[in-house]
Amino acid sequence: MSEPVTESMAEVRKHLADVIDRARRDETPTIITRRGKSEAILVDIDEYRRLREAADRYEDEWLNRLADKAEAEGTDGSVSLEEMAALLRSAN
């Protein structure tokens, strides 16, 4: 993946198809700004899926580590892995 390009919302609107092509063909993300502040990033769909899968794996590993730690400490006041995952999802 190439270093991201930064463009304002107005610039992106003028040539959205080019921005999408750059993300897809050149694997170059575009950081989209509004009033000088970074607001969003446009990446290729395959890159998004890869990042999403990595985040999901990391979350699963983290939850498993928490569950293992809780199990090692005993069961008083503990919740199941499924309950913990539901609580974390509802907090977000």
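Because the structure is a prediction, the values reported are computed rather than measured.

On to the overall build of the protein, then. When its secondary structure is counted, the protein shows four helices and three strands. Across the protein, helices and strands are ordered from the amino to the carboxyl terminus as β-α-α-β-β-α-α. Computed over the C-alpha atoms, the radius of gyration of the protein is 20 Å, more than 25% above the 12 Å expected from 2.2 N^0.38 for a compact globule of 92 residues. Overall, the protein is about 60 × 25 × 15 Å in size when its C-alpha atoms are taken along their principal axes.

Moving on, we get to the packing of helix H3 (residues 45-73) against helix H4 (residues 81-91). Two elements in contact, H3 and H4, have axes whose closest approach is 10 Å; the angle formed by their N-to-C orientations is 130°. Taken as axis vectors, H3 and H4 run oblique relative to one another. As H3 runs across H4, the sense of the crossing is right-handed. Along its contact with H3, which presents Trp62, Leu63, Asn64, Leu66 and Ala67, the element H4 presents Leu81, Met84, Ala85 and Leu88. Residue composition of the contact of H3 with H4, grouped by class: eight nonpolar, one polar and no charged.

So, on to helix H2 (residues 16-25). Among the residues of H2, Val19, Arg22 and Ala23 are the ones counted as buried. Each buried residue of H2 lies within a common arc of 95° when the element is viewed along its axis, so the set occupies one face. Exposed side chains of H2 directed beyond 90 degrees from the buried face belong to Ala17 and Arg25. The elements touched by buried residues of H2 are strand E1 (5-8), helix H1 (9-14), strand E2 (30-34) and strand E3 (37-42).

Conventions used here
Residues numbered from 1 in each chain as written. Predicted model: local features only at pLDDT ≥ 70, side-chain atom pairs only at ≥ 80, totals over all residues. Heavy atoms only, no water. Helix = DSSP H or I, 4+ residues; strand = E, 2+ residues; numbered from the N terminus. Rg over C-alpha atoms; globule rule 2.2 N^0.38 Å. Axes fitted to C-alpha atoms, helices over the stretch in contact; angles between N-to-C directions. Parallel < 35°, antiparallel > 145°, perpendicular 65-115°, else oblique. Left-handed = near helix turned anticlockwise from the far one by under 90°. Contact = heavy atoms within 4.5 Å. Nonpolar A, V, L, I, M, F, W, Y, C, P; charged D, E, K, R; others polar. Buried < 20%, exposed > 50% of the residue type's maximum accessible area, 1.4 Å probe, protein only. Arc of directions from axis to C-beta.

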